[in-house]
Amino acid sequence: MTLALEAVTLSVGPRTLLRNVSLAVPSGEVVTVMGPSGVGKSSLLAFASGALAGGMTATGRVLIDGRDVTREPPHRRGIGILFQDDLLFPHMSVAGNLLFGLHPSLRGRTARRAAISAALAEAELPGLEHRDPATLSGGQRARVALMRVLLSRPRALLLDEPFGRLDAALRDRFRGFVLAAARARNLPTLLVTHDPEDARAAAGPVIELAPPAARV
Amino acid sequence: MIPLAPVLLLAAMLVPIGAGLAATVLPAFGWLPALGGHAPSLQPWRDLLASPGLGRAVALTIGTGLAATTASFAVALALAVAARRPAMARVVTALLAPLLATPHAAMAIGLGFLIAPSGWLARLLSPWLTGWSTPPDLATVQDPWGIALTVGLCLKEIPYLLLAILAALAQADAMAARRVAAALGYGPWRAWALVVLPRIWPQMRLPVMAVLAFSLSVVDVALILGPSAPPTLAVMVLRLFADADLARWFPACAGALLLAGIVAAGLGLLLLIERVAARIGTAASRTGRRGGTGSAADAASMCAAILLALLGAGALAVLALWSFAGAWRFPDVLPARWSAAAWQAPMLRGPLLATIGIGLAATILALLLAALCLEREQRTGTRPGRSLALLYLPLLVPQIAFLSGFQQMLVRANLDGGALALVWSHLVFVLPYVFLSLADPWRALDPRLARAAAGLGASPARVLLRITLPLMLRPLLAAGAVGFAVSAGLYLPTLFAGAGRVATLATEAVTLSSGGDRRIGAASALLQAMLPLLAYAAAILLPAWTARHRRGMALQ
Amino acid sequence: MPRRRPFYRCREPLEWDPRMTLARRTVLATAAASLAFPARAADWTSIEQAARGKPVFWNAWAGDDRTNAFIAWVGEQVRASHAIDVHHVRLRDTSEAVARVVAEKAAGRTEGGSVDLVWINGPNFLSMKEQGLLFGPVLDTLPNAALVERVTKPTVVDFTVPTEGFEIPWRMARVVFIADGARVKQPPRSMAALGAWATANPGRLAHPHPRNFLGATFLKQALVELAPDRAALASPAGENFTVMTAPLWAWYTTLRPALWRRGTNFPEGGAALRALLNDGEIDIMISFNPAEAVSAIASGTLPPTVRTFMPDGGTIGNCSFNAIAFNAANREAAMVLANFLLSPVAQARAADPEILGSPTVLALDRLPQADRARFAAARPIPALLTDAELGPALPEPHPTWMTRLTAEWERRFAA
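Note that this is a predicted model, so its numbers are computed, not measured.

Asks: Please set out the interface of chain B and chain A residue by residue, giving values where relevant.
Replies: Across the contact, 26 residues belong to chain B and 27 residues belong to chain A. Interface area, chain B with chain A, both sides summed: about 2300 Å², of which 64% is carbon and sulfur. The largest contributions to the chain B side of the interface with chain A come from B:R451, B:L456 and B:R550, which together make up 31% of the buried area. On inspection of chain B and its partner chain A, the count reaches 1 salt bridge. A:D85 is the partner of B:R448 in a salt bridge, and the nearest nitrogen-oxygen pair spans 2.6 Å. Where chain B touches chain A, the interface holds 5 residue pairs in polar contact (both at pLDDT 80 or more). Going through the elements one at a time, α19 (447-455), α20 (460-471) and α25 (551-554) of chain B are the ones with two or more residues in the side of chain B that touches chain A.

Take a look at the structure:
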């Protein structure tokens, strides 16, 4: 499994945000993209996942395992994404959230329930299936969100500053958990952050995006 | 379907208004071949000007419209200032919310039963206090100056404007500005005038404009509480449209156009006042003068709130009494005999079902169109620009100026009196309210929820059905309740589009108010008032029940 | 199932009179002969067949609850007999239906129109007839039309305008006044005396707005009593309008300040007027139904102390008609409905003072004994005038008088 971006240029109206960015993420590796706010880090992830905001234009290609998915709608790309907020669906239970994520190829009520229980056990949250997500702690919610993405069997993982909201102690633990889980599944992972600590922990290539003015 | 949604939504509203206006303008200048008008002429205007009482009708229209709007806005503002503590605001809102939910016609009928010379107030005070054994010959309703009409309008518009002010306050966080002003030594009233009002006015402009346009062109309340000789211009035009002499159709169209002109002038005047007031306010704020504690104004405002709530509650109570009255003669405080006959009258069943059916259909369609438009916004990440202002058109153009033309269009298409015609004509008025209520919560929905779901492999349709709609349940039901309440209150659209074949509770209540069994009239008005209340109750209770195990939903 | 009312008037069967029977038989034979005319009979049968299972939209003024109830009863009857669905289109004013037909004509809808049958009178009729908005002539297609009394009752002229078969009569109306006997001991016996009474009792008399037919009738009753040349009222109003109405306006100018609300506001119609009388806001009201007091007492909408009275010089009477719009979608069903309204069963029910109290349009002497018995003299009811007390009706003036009276009144008093 690999994820590659080729010659990506992003513009807002006449203003060019990113010019000709290319990167490749091999299987099981984490590539970190860094840079100050407003430089277009998150927009790059949005382009990769196919959810670029209206008003932005882009050229370039997104490749998954060498296949061009640039024209595919977001839900057919198989690219999972984790945000700064857990974004658990508040109207569903924990199990509901995980079942929503769980890939449909796993059939049968019992099998699906079992997969959920296993995922919760892996996240050290055993038996929380029927909890209301609003009643969980921040760390618990973050882990449920991660398991929800992993259960959907993505072929690549995008991390949009997913550790920013957690306090220092929790951050280290969760970061380790996420990176380990991604590596264990051989997922190519693209991490966007402005925290150098994240980049060090990721232990992969780091791409620094500079503000447009500096690049001229 | 979704890419077309904005076009469909605007067409649903603009086709009736546009075509209707055209079919009013042409006859107003002499062109209506079917009635022998083949050449442009000013004869319709000459006929209109020759109509007896036109001058007084116009004066009455302008007088009551301006008075109702000014008084409503002033009292609503005063209430908002006086109820500056949140606890107080909650009390005032709770007192006035039932008034807001009650349709205009039902409230007007109840008010009439309350304050008429033979009304409940006179009965409560007679003969022990007043000495009246028969009702006094006082014009306390349908008075020639339109005072009862103005009061009836205020009773409905004050709660509407107050809630609009409270919503604007929450949005603009204008109370922080008031606290700053208070810390600088400005009393609450002066701080409001100089700091808060300018902040919330942009959000208040449209509601005030809608109230002004409505008050100038209202038909049902004017039929119930307004004078009849001469009536307001809107009622006069309605009579001309319904005249046996078919030639009266021409001056009727001219009159409808005149009313539209008066409304346009009124809206222009409002914008002018806005500028002048802004200038005065700026000058006043530069003097640095403090004061404006206004304890007396606080007390007066609270009295006004209580009086309003009492009038509203009294109006609904007297409707209930009349609907169960057997024989009830003046000056008895309560009926001498009780009877449930009015509630068993078979003539209420048809209008009740029609009101529910049309209301549900129009509301569901409006929700569908509005939701699809907003979903399109979310997906494309773009907001419609100026075209959105067209949403407000049905609230600003006088109903009578385009409904007769729309009726002609329906007749031509052989649709009048059918379900489609009725639902469509209601949709025109339901759509703006539904869209405006739904837009803010929908736009506030975190777009990353949909992105996260798409990242999990959920198709857009699945995201809409499983994520967006369930999360929007509360706003959807709230918007639906508003839409249903609007539909249940519509009188003129039913009258015109229904081809007289369809009676709703609104048309039934208004018809019976001008004559007919007062007990059945009271029952139909009360039913008309209860339907929106039920809708609001459902909109509150249903999401609370489905989300009873989801704390995160309460924060929405 | 509606409860059947006992026909208590059957207690005294009519005397057997061979000559009467003979005369009736001749008439019936004539009627039967015309009915038996093959083409006609076949026509009616095919009309009835075409009507079966259809709806009919009867546009009828809905300001009177008893009439509404009667219309509902009629609906049940023709549903049972012809499977016709009667929809009562409830009008505030008959002109609403006229305006609708106009709108349809304006839109070029020459068939499939929404107005099937319309209850109509006077100016509305004249307007529709002149504009070619009515279907007909239709009256003599109806079998029961043979039973209509056309000589001694104004059933083929509407406000002096010949109906020419475009209108089907269905009930008679008669001006009476109702007073609260507890407060009015000696009711005034002429319009002039009514004016004097009002001046002596200011604020205790009201009449509906003249735009309303009952309000216009109040003015017409005064016009008939006060006009210098009553016969001239049978012709269209012309240049003589000023002269003819001068005494009326003089009378009204004195009366107006003594009216309820000093004559600045007017109740919308008969029902609003009745509510004022019931509330004690006024003491005297005008009515177009001799039996209104009786049924209002029964339903609790008037106190039991009210009494009916009328001016000594007589009052206006007229006939209520139905007409079929030129583009009616359910023409045949409308005809069957109109024919049923002319049946002795329907007419007798309408004549019952406790139901409608509308005198019949039929010639009773042309009815079979059994049918005639349905109309047998009512028992005396205190609030009701007897037929003898009612006397013959004064004819309605030509419709132009009503139109011009209303316009002139608005010009003088509503401007």
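Having seen the structure, we can now continue with the description.
Asks: For unusual backbone geometry, give the residues involved together with the corresponding values.
Replies: Cis peptide bonds are those with omega within 30 degrees of zero, and the linkage from B:F330 to B:P331 qualifies with 0 degrees. Looking at the secondary structure, you find B:P331 in the loop between α13 (295-323) and α14 (341-344). In this model, C:G136 is joined to C:P137 through a cis peptide bond whose omega is 0 degrees. On the secondary structure map, C:P137 appears in the loop between β4 (134-135) and β5 (157-158). Phi is positive for A:L87, close to 55 degrees, though the residue is something other than glycine. Of note, A:L87 is situated in the loop between β6 (79-82) and α2 (94-101).

Asks: Go over the environment of B:L121 with me, naming the residues and quoting the values.
Replies: Residues and elements named next belong to chain B. Structurally, the position occupied by L121 is in helix α6 (residues 120-125). Sequence separation between L121 and A461 is 340 residues; the distance between their C-alpha atoms is 58 Å. Other than its neighbours up to four places away in sequence, L121 contacts L114 and I115.

Asks: Pulling in residues and values, what's your account of the pairing of strand β3 (residues 117-120) of chain C?
Replies: Residue and element names in this part refer to chain C. Here β3 shows a buried face lined by L117 and W119 and a second buried face lined by V118 and I120. One ladder, built from 2 bridges, connects strand β1 (residues 55-61) with β3; its direction is parallel. Note on β3: the bridge partner recorded for N59 is V118. Two elements, β3 and strand β11 (residues 317-325), share 4 bridges in a ladder whose sense is antiparallel. Each bridged residue has a counterpart across the sheet, and for I120 the counterpart in β11 is F321.

Asks: Tell me what's going on with the domain arrangement of chain A, and back it up with residues and numbers.
Replies: All names here are of chain A. Examined at the domain level, chain A breaks down into domain 1 (1-78 + 154-216) and domain 2 (91-152). Measuring from the centre of the C-alpha atoms in domain 1 to the corresponding centre in domain 2 gives 25 Å. Carbon and sulfur atoms supply 73% of the area buried between domain 1 and domain 2, which totals about 960 Å² over both sides. Area buried by domain 1 at its contact with domain 2 is led by P154, F177 and R185, which between them contribute 49% of it. Connecting domain 1 to domain 2 are 2 salt bridges. A salt bridge links E122 to R185; the nearest nitrogen and oxygen atoms lie 3.1 Å apart. On inspection of domain 1 and its partner domain 2, the count reaches 2 residue pairs in polar contact (both at pLDDT 80 or more). In terms of residues, the side of domain 1 that touches domain 2 owes the most to one element, helix α5 (residues 168-184), which gives 6 residues. Each residue belonging to the side of domain 1 that touches domain 2 can be placed in one class, and the counts come to 9 nonpolar, no polar and 2 charged.

Asks: Break down the nonpolar core for me, citing the residues and quoting the values.
Replies: Among the nonpolar cores identified, the biggest contains 252 residues, and A:L3, A:L190, B:I165, B:W192, B:I200, B:M204 and B:F241 are the most heavily contacted of them. The contact partners of B:F241, leaving out residues within four places of it in the chain, are B:W249, B:A252, B:C253, B:A256, B:I400, B:S404, B:F496 and C:A99.

Asks: Can you lay out the arrangement of the chains for me, pointing to particular residues and giving the numbers?
Replies: In this assembly, 2 pairs of chains are in contact, and the pair contributing the most contacts is chains B and C. When C-alpha atoms are compared, chain A and chain C, though not in contact, are closest at a spacing of 47 Å.

Asks: Can you break down the packing of helix α7 (residues 213-226) of chain C against helix α8 (residues 241-255) of chain C residue by residue, with the values?
Replies: Residue and element names in this part refer to chain C. As a packed pair, α7 and α8 sit with axes 9 Å apart at the nearest point and diverge in direction by 120 degrees. With respect to their mutual orientation, α7 and α8 come out oblique. Relative to α8, α7 is oriented so that their crossing is right-handed. Contacts between α7 and α8 involve F218, L219, A222, L223 and L226 from the former and M244, T245, P247, L248, W251, Y252 and L255 from the latter.

Asks: Any details on the interface of chain C and chain B? Residues and values, ideally.
Replies: The interface of chain C with chain B comprises 55 residues on the first partner and 56 residues on the second. Carbon and sulfur atoms supply 51% of the area that chain C and chain B bury against each other, a total of about 4300 Å² over both sides. Contact with chain B buries surface across chain C, with C:R92, C:R261 and C:D279 losing the most and accounting together for 15% of the total. For the pair chain C and chain B, the interface holds 4 salt bridges. One salt bridge in this structure joins B:D137 and C:R261, with 2.9 Å as the shortest N-O distance. Listing elements by their share of the side of chain C that touches chain B, those giving two or more residues are β2 (85-91), α4 (94-106), α5 (122-130), α9 (270-279) and α15 (399-413) of chain C. Its residues assigned to classes, the side of chain C that touches chain B comprises 19 nonpolar, 17 polar and 19 charged.

Definitions and cut-offs
- Residues numbered from 1 in each chain as written.
- Chains lettered and ligands numbered in written order.
- Predicted model: local features only at pLDDT ≥ 70, side-chain atom pairs only at ≥ 80, totals over all residues.
- Heavy atoms only, no water.
- Contact = heavy atoms within 4.5 Å.
- Buried area = accessible area lost by both parts, 1.4 Å probe.
- Salt bridge = Lys/Arg side-chain N within 4 Å of Asp/Glu carboxyl O.
- Polar contact = N/O pair within 3.5 Å; in protein donor to acceptor, adjacent residues only side chain to side chain.
- Helix = DSSP H or I, 4+ residues; strand = E, 2+ residues; numbered from the N terminus.
- Buried < 20%, exposed > 50% of the residue type's maximum accessible area, 1.4 Å probe, protein only.
- Pairing = 2+ DSSP bridges.
- Domains from an automatic or database assignment.
- Nonpolar A, V, L, I, M, F, W, Y, C, P; charged D, E, K, R; others polar.
- Core = buried A, V, L, I, M, F, W, Y, C linked by side-chain atoms within 4.5 Å.
- Axes fitted to C-alpha atoms, helices over the stretch in contact; angles between N-to-C directions.
- Parallel < 35°, antiparallel > 145°, perpendicular 65-115°, else oblique.
- Left-handed = near helix turned anticlockwise from the far one by under 90°.

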